[in-house]
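As a plain string of letters, each chain reads:
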Amino acid sequence: MARDTADGQDPAWTDPNCPVARTVDLVGDRWSLLIIRDAMDSARSFTDFQQRTGIARNILTDRLRKLTAHGLLTQVDAPSGRRKLYALTDAGKDLFPVIVTLRQWGERHAFKAGEAHSVLVDGDGARVPELLPVAADGSPLTSDTTSVQRPT
């Protein structure tokens, strides 16, 4: 994945040794994540993203440029050839479990009991099961059972 800014320079990492910080630097604002979410749900054109999110055109232009420069989206020709569309790259598609985990956290913590919300379903219409990290032996992992090893 490209790690340069739109002007070709390396971004100033918030915490150069932390994968979480680098990820947040690339996609941590709400608009970027909503654009990625919508790209996963078949949005392709500038208009698709603008209508689905309600984002201001100038901010959308900036975020699409940034996500493209960082290799999360790519531009492809529309079938008509008159304009460009956006498609997720493999790096963008790799954010799927992140989006699902954020969605599931939101279902548990951002809605009141019984409050209506959208639901993610698989190809057969069954609700996607909760994603949980597990150890090599299959046991559940939590922040209490893991630790970060920093470079020496």
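Here the structure is shown first, and the text comes after it.
Numbers given for residues are sequential positions, taken from 1 along each chain in its written order. Local features in a predicted model are, by the rule used here, given only for residues with pLDDT of at least 70; side-chain atom pairs are given and counted only at 80 or more, and totals for whole chains, interfaces and linings are based on all residues. With hydrogens and water set aside, each side-chain value is computed from the structure's full complement of heavy atoms.

A. Representation of the environment of K93 within the structure. Within the fold, K93 resides in helix α5 (residues 90–93). In this structure the C-alpha to C-alpha distance between K93 and I36, which are 57 residues apart in sequence, comes to 8.6 Å. Secondary structure elements are defined from DSSP: runs of H or I of at least 4 residues count as helices, runs of E of at least 2 residues count as strands, and each element is numbered from the N terminus.

B. Representation of the packing of aromatic side chains in the model. Between the rings of Phe, Tyr and Trp (Trp by its six-membered ring), a pair exists once the centres lie within 6.5 Å; its type follows the angle of the planes, with under 30 degrees stacked, over 60 edge-to-face, and the other angles tilted. Per the stated rule, a full pass over the model turns up one aromatic pair. Seen in terms of ring centroids, F49 and Y86 are 6.3 Å apart; in terms of plane orientation they differ by 70°. Their pairing is edge-to-face. Here the residue F49 occupies a position in helix α3 (residues 46–53), and Y86 occupies one in strand β2 (residues 84–88), the gap between them amounting to 37 residues. Each residue's exposure class comes from its accessible area (1.4 Å probe, protein chains only) as a fraction of the maximum for that residue type: buried when under 20%, exposed when over 50%, partly exposed otherwise. Owing to a relative accessible area of 0%, F49 belongs among the buried residues under this scheme.

C. Region of interest: empty space enclosed by the protein. Two kinds of site are reported from a 1 Å grid over the protein atoms alone, namely cavities, where a 1.4 Å probe fits but cannot get out, and pockets, open sets with protein on both sides within 12 Å along at least five of seven lines, and residues are called lining when an atom falls within 4 Å of a point. Grid points are joined across faces, edges and corners, and a volume is the space filled by probe spheres set on the points. For the coordinates displayed, the defined rule picks out one cavity of 30 Å³ or more. Approximately 30 Å³ is the volume attributed to the largest cavity. Taken together, R103, Q104, E107, V119, L120, R127 and V128 form the lining of the largest cavity. Think of it as three bins: nonpolar holds Ala, Val, Leu, Ile, Met, Phe, Trp, Tyr, Cys and Pro, charged holds Asp, Glu, Lys and Arg, and polar takes everything else, Gly as well. A per-class count over the lining of the largest cavity returns three nonpolar, one polar and three charged.

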